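The residues making up each chain are set out below.
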Amino acid sequence: MVLVAKLDNALRLSAVDRKATALGLTIGQPLANARAMLPALKVVAANDPADLKLLTQIADWCDRFTPYVALDGPRHLLLDVTGVAHLFGGEQTMLDHIRNSLQAQGLALRGALAGTAVAARALARYRDGVVIASGEEEQAMRPLPVEALNLDGLTTHALRRAGLKTVGQVASRKRSELMARLGAVTLDVLDEALGGSAKPISSRKPPPDYWQEQNFAEPVATEEVIRFTLKSLAVALAKILELHGQGARRLEAVFFRADGAVRRIDIEMGAPTRDPLIIDRLFHAKLAMLSDPLDPGFGFDLIRLCAVHVERASLEIINLNARVNERAEINFLIDRLATCFGSHRILAFQPYDTHIPEKAWVTVPAQHAQASKLLWRKIRKAKDAPRCPLRLFARAEPVDFSTAQHFVWRKVHRVVTQCEGPERIAMEWWHHETPQAARDYFRVEDNEGKRYWLYRNTATSQWFVHGVFA
Amino acid sequence: MSAYAEIAVTTNYSFLRGASHPKELIETAAQLGHTAIGIADRNTLAGVVRAYAALKELNGSTLRLLVGARLVFTDGTPDILAYPTDRAAYGHLCRLLSAGKLRAPKGECYLALDDLLKWQDGLLLVVLPQNNEEQKEPEASFWNKGLIQGEASNPSSKHFPRDLNSLLATLRTHAPTRIWLGVSMPHHGDDQRRLRAWQKIADDADVPLLATNDVLYHCAKRRELHNVVTCIREHVTLNEAGHLLEANAERHLKSFNEMKALFHEALDAIAETIRFADRITFSLDQLKYNYPDEPIPKGKTAEQHLHDIAWQGAEFRYAGGIPDKVRAALEKELALIAKMEIAPYFLTVHDIVSFAKSQNILCQGRGSAANSVVCYVLGITAVDPMQIDLLFERFMSEERKEPPDIDVDFEHERREEVIQNIYARYGRHRAALAATVICYRPRSAIREAGKVFGLTDDVTANLSSSVWGSWGSQLKDSQVRQGRLDPANLLVARAVKAANELIGFPRHLSQHVGGFVLTQDRLDECVPVGPATMKDRFFIEWDKDDIDTLRMMKVDVLALGMLTCIRKAFDLIRAHEGKSYDLATVPREDPAVYEMLQKADAVGVFQVESRAQMSMLPRLKPVNFYDLVIEVAIVRPGPIQGDMVHPYLRRRSGKEKIDYPSPAPGMGNKDELRDVLSKTFGVPLFQEQAMKLAIVAAKFSADEANGLRRAMATFRNVGTINNFKDKFIGRMVARGYEQDFAERCFKQIEGFGSYGFPESHAASFAHLVYISAWIKKYHPAAFACALLNSQPMGFYAPAEIVRDAREHDVDARHVDVNFSAWDNTLELCTDGTLALRLGFRQVSGFREDWAKTLATCRSNGFDTVNVVARRTKLPKRALIILAEADSFQSISMDRREILWAVRRIPDDDELPLFAARYVEEQLDEEIAPLPLMPLSEHVLADYQMLRLSLKAHLMFFLRDLFRSEGVMSCAEINTARNGSKAKCAGIVLTRQMPGDAGVVFATLSDEEGVANVVVWPKLVETFRREIMGARLMLVEGRVQRGEGDVVHLVAERIFDRSHELHRLSEDEMQSLVAHTSHRHPRDVRTVPKSRDFH
């Protein structure tokens, strides 16, 4: 199996598994080449964001060992464990622990521990699992190939071409000699690799968090207090959010019980929101809906309200246009209903671009409905009667024409006085295994002034009523 | 009276809008009994000649073709059909479209109503308001762009009418009695109502209503394909397309009765179509072609002038007196030319060729008329017609009255000079390139159709990759299965079906490689002319076939790499050996040259250097010029598919009796084929012979033969060639020929279909074969040098050319800062021979201007790296490349030390303050020596930088390893016993999969030579990965010695041993094994890329 990504305008392999490597595929090879070699190759598109997400998750998990966890390129994590190793039973034990835990989660990894980041990175790659005491880096690094220094490709190439193929060979050259040719950066890396100077690692930045919390001297338990607390937290949070021009799409309320238990409750909004009123009402609805009530036990001593997912939201402008407010009201209604019944059960119609009348819309979860790029098609021209009825029958109903002027629908005899058509609509041939006949639609008015949308199946000549004009 | 003319027909030359070929529409219209059909494509006349030709093929049809265009405007004006009434009006339409095209980017045409008003004289105009109520807004940005580029005098909205009424009124004031309102009944529900409304508008404006069906395809079934092309155009899938698609399948050609039923309320609109058609007197027959008269001096006729210069030329060519045979032939040819009134054609070609000669640009003509005495004495070709006995009139059929076909090849690097001269001499309004219609081929068709059906890129890539070669006519189920997809899967099946229909559909127009159309009158009144992608290039809307159909003159100004090479070789020979040659003065029929070719010693020789040709040479054993003509023509799909190669070889070597198939007694002259086939021992090899067979043996009429020739000439008509099959074979058998012979002859004709190769072309090519072989034989250093300097061309990579030169005792010398120029050069050795000095053009990443700087700063030579840096001020990158390429050898330092030293030179982006300090200020440094570079790493580095190494072959370092496995060298394979089992390993030079046969030919190279490997189709699937991927291949198989000592290793097992190359340098091993390292792009190409042809 291989992963592919677009590079230099061609699909190239970006990762290859063991079996593919054994069959001679290499990273950077064009996909077309690889496929010519192995037509049965399993190809999956590389998903860098997903890789990054996974790495970030692993980094999150590593937070338990040290606060200093850094993402190092797309595939590496650096942990600064200065002063914390003893908490986990010493360096070797800690390394083994991390390895075992991650392997238990189905991840393959290489790791090493050394006095500097460069050395640790190199050793992880070439001597998986070693722990090198501070001061012994040079000895450990010297036999490694120059690639271990992780210098840029040109520098590595230059060193190899000069015959300096191990870290030791490079280290044995004069500093001035290297300085003049490869620059200070290379020297720095070399120094660090050999345990000389160490750069601090830059830890991951915590994601911008918006949260408010309230401590209680006495644990609180009553619903009123809880609701009041949430409301005041929402007001405070709204201020911060407004300051940053953000609105929340998801909010989480965390209730810390006096005995240590934690309850979390979240609500989701269709549009970024920071209106405390809305937040309050949504939480209220959610709490009321809970099948297992929020058990306060001896009461909560801390309640925290976090905006888990925020999006940019412009300043709310009070708009006197009723339609805009109407829209806001509807959004709020959707949020409330979704909070109660689940997002997937509150649906909205959206237009769907097709000629087939009964397929001209789809339903989507209302909370997640993006504003459709399609517009509802106009069914009437200015100063004209509608071309098709607003409402269609779920199932077209057969009618019988006794003569050209008379038909029977729902057992009632009707007399055609006016008729226009046909509008011929062919079926979507690519959806059907066998060809489907086109329909000829007619707008028909009877002697009682009722208007029908009739169609005739052009193959069978059967007639149907598809809808009536109001 | 049941009469109807469909006026609004869109063909597939309205790219991705029409869904039927012009031919299909014409045939359907004729079947329906229409009085006339009006072809009107979107702002183009590209499809009308096809329609014209299709109608001509329908002998006796009463259908009339109306030629027009559908004008689509950028200013919001509804579409208007424009039909010229006469030749002058047709010129206006062409001018109008040309104007729109010239102000738009390639392939577009921006028109405004004012353009039409300017050129409306004589045009019949049918306004076609949109049927859909949602009229598009004018695309302002487009139009503005057009204004900026176009003629400034374009007050676009002066006349811009707000509504239909005022549009009609405006048009009527400009073109009274020439305006119609076109109306169609598309089954949109309100058809009748709209008809009534428009009837009123028309009456108010006093404009007749014209019935049409606004046709997009010839039959209702094509709706599916129309949906598909619409999606391709709009870049959507069928599921997303929605209202971009037509609601129904009504826009096809309809019969009179159907139209009558639709328009029962306005029958006059139907009758009006006939009145409309009757107003038009223009037909494409009236396009009368005039030759340009530039080359003819005042006061002389073309015939006189041609006569004069031809005899002058003859005196020059035959300095010792014109042989009687030539005299007679020339007189005969001139008489024929005069009779056919084509003297100006020869004069024009002569004119172009004379210019090239005056600029010392080599050129050579080929094509049916090129091997005439006239062309020889005019200097258009250097093939002495006495050397090859071609009958002039055989290729110049008097009945056809077509201009002869002469293509002229020029040096590929200097063709542009010739083209610019043509523009300068004839003017851009009279000279333009022909178009090439780019059609959907299997690969592009399945890729785009797959997208439309929502197949993922992966699946379509899979499907299209299973199509080997792009000329096959249809996608077969087996190919779908090869792409690991189920042909029964509905989605896949539909995509494949759509793709199959799409194959052969025109996709866009592109410029022909070099076919110039020259006219005496304005070309843009004959056909619309538009800009090409290349700046200042223009091309017309018709392609080669269209031009043929209309009997216009076209001169192919083509580029040929070998001519560049030959000219460079001649220059080198003149400069270094003081001897001057040209194409006509190289000594002819030198036995040593033929001897060399018989041994298949032909690397670099024109045409005969491919694998197939090289294995033919020792079997054919050419001894004279005509043998070369056969050699060139025989290794082609035609003779191969017709199974004519082996019979020919057997007869030639005397193993088979030469006889001539003859008809049954009483069916005609029993020796009728002797004339046709005597030159080739009774086996038809050339395209002309196949044609002649059709006429003589199958009794094809001139018209039928012409149709066959057309079907043969274009792959698009692969379908139509089968129409001739039964006729051809049936008639031959009926006349007493053997079924088998007839079938083989026809197979051959089919083979010519894809790569026709007439004797006259072969003769011109054979001449270049001889000349390049002669240079190779007598001036191997100059030959190799010229070949390298003309790259990219030919079949072999520089490494093979250099290696071949060294095998011919040419001393090849490495690139060096003190001796090399940009081009490869020759150096005089102490023993008086010439050595090849590689030039900087061989060094990857080095630039020509750097090489120039280096040469100008060289003076008495460089003695240190610092001197080079200081004097040339080349960027550090250039110096590093030089060092990497080991080009400081004359400064006699180790490559490593030079590299290490070069890197010490300060970077280019120096602060101005320190600029003065530059290099000389650097103090010497005392450093410890670097580790020695092993030879294998040197070789590898050479390959990376130059794609070749003079130090050793890569395989040299692996020989011990392979020896221990019992692997033979390539040289040993070539001397091994027939049928013996053998193993061979080498760097893969070429792999080829000719035709559909599925056989793969590979060439392996090692330090001792090359070996030829054949992989039969069965094995190809098993070892696909190895065949396609290996750079170093090990093949186990059996040695097969064929006729004339051709040795093949027939593969039984194949191994990819590319990883052995990593052994050569620890370096490479590391960079490949270490999975995280990011490799420098230079490292990737460990060995020269082998060239793949499939």
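Residues numbered from 1 in each chain as written. Chains lettered and ligands numbered in written order. Predicted model: local features only at pLDDT ≥ 70, side-chain atom pairs only at ≥ 80, totals over all residues. Heavy atoms only, no water.

1. Brief notes about the overall build of chain B
The test is simple: The secondary structure listing takes helices from DSSP runs of H or I that are at least 4 residues long and strands from runs of E that are at least 2 residues long, numbered from the N terminus. Summary of the burial criterion: residues with accessible area below 20% of their type's maximum are buried, those above 50% are exposed, and those between are partly exposed, where the area comes from a 1.4 Å probe applied to protein chains only. Here a residue-residue contact requires only that any non-hydrogen atoms of the pair lie within 4.5 Å. Here the accessible surface of atoms and residues is derived via Shrake-Rupley with a 1.4 Å probe, and residues count as covered only by protein chains that are part of the display.
Assigned secondary structure in chain B consists of 48 helices and 23 strands. Going through the 1094 residues of chain B one by one, you find that 60% of them count as buried. Partitioning the contacts of chain B with sequence separation of at least 6, the portion at a separation of at least 24 is 73%. Roughly 43,500 Å² of accessible area belongs to chain B as shown, and the carbon and sulfur atoms make up 52% of that amount.

2. Section: the confidence of the model for chain A
Note the cut-off: For every residue, the predictor states its confidence as a pLDDT score lying anywhere from 0 to 100.
Per-residue pLDDT for chain A has a mean of 81; in total, 90% of the residues score no lower than 70. The secondary structure element of chain A with the lowest average pLDDT is helix 2 (residues 31–37) of chain A, at 69, and the one with the highest is strand 16 (residues 451–457) of chain A, at 93.

3. Some points on the sheet that holds strand 3 (residues 64–71) of chain B
Residue and element names in this part refer to chain B. Selection criterion: Strand pairing is defined by DSSP finding a minimum of two bridges between the two strands. Only C-alpha atoms enter the line fits that serve as axes; for helices the fit covers just the stretch in contact. Angles between N-to-C directions range over 0 to 180 degrees.
Pairing is mixed across the open sheet formed by 7 strands, whose spatial order is 1-2-3-4-5-6-7. With one partner strand each, in any of the chains shown, strand 1 (5–9) and strand 7 (209–211) form the two edges of the open sheet. Here the strands of the sheet are splayed against their neighbours by 30° on average, with no regard to which way each runs. Across 3 bridges, the pairing between strand 3 and strand 4 (residues 79–84) is antiparallel. Across the sheet, Leu71 pairs through a bridge with Ile80, a residue of strand 4. Packing against the sheet, helix 7 (residues 191–205) makes contact with strand 6 (179–183) and strand 7, and its axis sits at approximately 175° to strand 6.

4. Structural notes on unusual backbone geometry
Between Gly421 of chain A and Pro422 of chain A the backbone carries a cis peptide bond, its omega angle lying at -5°. Residue Pro792 of chain B is bonded to the preceding Gln791 of chain B through a cis peptide linkage, with omega at 0°. Within the secondary structure layout, Pro792 of chain B lies in the loop between helix 35 (780–789) and helix 36 (798–807). The backbone phi angle of His187 of chain B is positive, close to 60°, even though this residue is not glycine. Along the chain, His187 of chain B turns up in the loop between strand 6 and helix 7. For His187 of chain B, a relative accessible area of 8% translates into the label buried. Its identity as a non-glycine residue notwithstanding, Arg947 of chain B has a phi of 60°, on the positive side. For Arg947 of chain B, the location among the structural elements is in the loop between helix 42 (935–946) and helix 43 (954–964).

5. Structural notes on the interface of chain A and chain B
Put simply, the rule reads: Throughout, buried area stands for the accessible area (probe radius 1.4 Å) lost by two parts on being put together, summed over both. In the sections that follow, a salt bridge refers to a side-chain nitrogen of Lys or Arg positioned within 4 Å of a carboxyl oxygen of Asp or Glu. Polar contacts here mean pairs of N or O atoms no more than 3.5 Å apart (in protein, one a potential hydrogen donor and the other a potential acceptor; neighbouring residues in sequence count only if both atoms are side-chain atoms).
Taken together, the 56 residues of chain A in the interface contact 63 residues of chain B. Counting each side, the surface lost to burial between chain A and chain B is near 5,600 Å², with a carbon and sulfur contribution of 49%. Sorting the residues of chain A by area buried against chain B places Arg161, Arg181 and Trp429 of chain A first, and these three jointly supply 17% of that buried surface. The interface formed by chain A and chain B contains 5 salt bridges. Among the ionic pairs, Glu420 of chain A bridges to Arg193 of chain B, the shortest N-O distance being 2.6 Å. Run the count over chain A and chain B and you get 25 residue pairs in polar contact (both at pLDDT 80 or more). Those elements that place two or more of their residues in the side of chain A that touches chain B are helix 2, helix 5 (117–126), helix 7 (153–161), helix 9 (175–193) and strand 14 (412–425) of chain A.

6. Some thoughts on the packing of aromatic side chains
To be explicit about the condition: Aromatic contacts are taken between Phe, Tyr and Trp rings whose centres are within 6.5 Å, Trp giving its six-membered ring; a plane angle under 30 degrees counts as stacked, one over 60 as edge-to-face, and the others as tilted. Two conditions define a charge sitting above a ring: the NZ of Lys or the CZ of Arg must be within 6 Å of the ring centre, and it must be within 35 degrees of the ring normal.
This model, assessed by the stated rule, comprises 32 aromatic pairs over all chains. Taking the centre distance of 4.8 Å and the plane angle of 70° together, the rings of Tyr581 of chain B and Trp774 of chain B count as edge-to-face. With Tyr581 of chain B in the loop between helix 23 (561–577) and helix 24 (591–598) and Trp774 of chain B in helix 34 (residues 759–778), this pair connects stretches of sequence that are 193 residues apart. Assessed through its relative accessible area of 18%, Tyr581 of chain B is described here as buried. Consider the rings of Phe700 of chain B and Phe728 of chain B, whose centres lie 6.0 Å apart with planes at 70°: the pair is edge-to-face. Of this pair, Phe700 of chain B sits in the loop between helix 30 (687–696) and helix 31 (702–713) while Phe728 of chain B is found in helix 32 (residues 718–734), placing the two residues 28 residues apart along the sequence. In this structure Phe728 of chain B comes out as buried when scored by relative accessible area, which is 0%. An aromatic cluster of three or more residues is present, and its members are Phe393, Phe401, Phe407, Trp409, Phe442, Tyr452 and Trp463 of chain A. Looking at Arg410 of chain A, its charged tip hangs above the ring of Phe393 of chain A, at a distance of 5.2 Å from the centre. Of note, Arg317 of chain B hangs over the ring of Tyr376 of chain B, and the distance from its end group to the ring centre comes to 4.3 Å.

7. So, the sheet that holds strand 16 (residues 825–828) of chain B
Residues and elements named next belong to chain B. Reading across from one edge, 15-17-16 is the order of the 3 strands in this open sheet, with mixed pairing throughout. At either margin of the open sheet sits one strand with a lone partner, and together these are strand 15 (812–813) and strand 16. Relative to strand 17 (residues 834–837), strand 16 runs antiparallel, the two sharing 4 bridges. By the bridge assignment, Leu828 is partnered in strand 17 with Leu834.

8. Let's talk about the environment of Val437 of chain B
Residue and element names in this part refer to chain B. Tracing the backbone shows Val437 in strand 10 (residues 431–439). Separated by 105 residues in the primary sequence, Val437 and Trp542 place their C-alpha atoms 8.2 Å from one another. Setting aside residues up to four positions removed in sequence, Val437 forms contacts with Tyr13, Arg50, Pro506, His508, Leu509 and Asp543.

9. Some details on the packing of helix 5 of chain A against helix 9 of chain A
Residue and element names in this part refer to chain A. Put simply, the rule reads: Oblique is the label for any angle not covered by the other classes, which are roughly parallel (under 35 degrees), roughly antiparallel (over 145) and roughly perpendicular (65 to 115). Three residue categories are used. Nonpolar comprises Ala, Val, Leu, Ile, Met, Phe, Trp, Tyr, Cys and Pro, charged comprises Asp, Glu, Lys and Arg, and polar comprises the others, including Gly.
Viewed as axis vectors pointing N to C, helix 5 and helix 9 meet at an angle of 75°, and their least axial separation amounts to 6 Å. The pairing of helix 5 with helix 9 is recorded here as roughly perpendicular in orientation. Where helix 5 abuts helix 9, its residues Ala117, Val118 and Ala119 lie against Val189, Glu192 and Ala193. Within the contact of helix 5 with helix 9, the residues separate by chemical class into 5 nonpolar, no polar and 1 charged.

10. A closer look at helix 25 (residues 611–620) of chain B
Residue pairs three or four apart in sequence face the same way in an α-helix, which turns once every 3.6 residues. All names here are of chain B. Counted residue by residue, helix 25 has 8 buried out of 10 residues, so it is predominantly covered. Where helix 25 is concerned, the buried positions are Arg611, Gln613, Met614, Ser615, Met616, Leu617, Pro618 and Leu620. Positive backbone phi, at 45°, marks Lys621, one or two positions downstream of helix 25.

11. Digging into the pattern of salt bridges
All names here are of chain B. If you walk through the whole model with that rule in mind, you get 86 salt bridges over all chains. The salt bridge involving Asp115 is made with Arg103; its shortest N-O contact spans 3.0 Å. Note that Asp115 is positioned in helix 4 (residues 113–119) and Arg103 in the loop between helix 3 (87–102) and helix 4, a separation of 12 residues in sequence. The exposure class of Arg103 is buried, given its relative accessible area of 2%. Across the pair Asp740 and Arg744 runs a salt bridge, and its minimum N-O distance is 3.2 Å.

12. Some points on empty space enclosed by the protein
A probe as big as a water molecule, rolled over the atoms, marks out the empty space that is left. Put simply, the test is: Of the two site types, the cavity is a set of points on a 1 Å grid over the protein atoms alone where a 1.4 Å probe fits but cannot get out, and the pocket is an open set with protein on both sides within 12 Å along at least five of seven lines, each lined by residues with an atom within 4 Å of a point. Grid points are joined across faces, edges and corners, and a volume is the space filled by probe spheres set on the points.
Scanning the entire structure with this criterion turns up 8 cavities of 30 Å³ or more. What lines the largest cavity is a set of 15 residues, among which Arg387, Glu423 and Arg443 of chain A together with His188 and Gly189 of chain B lie closest to the centre. Broken down by secondary-structure element, the contributors of at least two residues to the lining of the largest cavity are strand 14 and strand 15 (439–446) of chain A. Considered class by class, the residues forming the lining of the largest cavity number 4 nonpolar, 3 polar and 8 charged. Roughly 60 Å³ of internal volume is contained in the second largest cavity. Looking at the second largest cavity, the residues that line it are Val603, Lys776, Pro780, Phe783, Ala784, Leu787, Ile801, Asp804, Ala805 and His808 of chain B. Listed by contribution, the elements that provide at least two residues to the lining of the second largest cavity are helix 35 and helix 36 of chain B.

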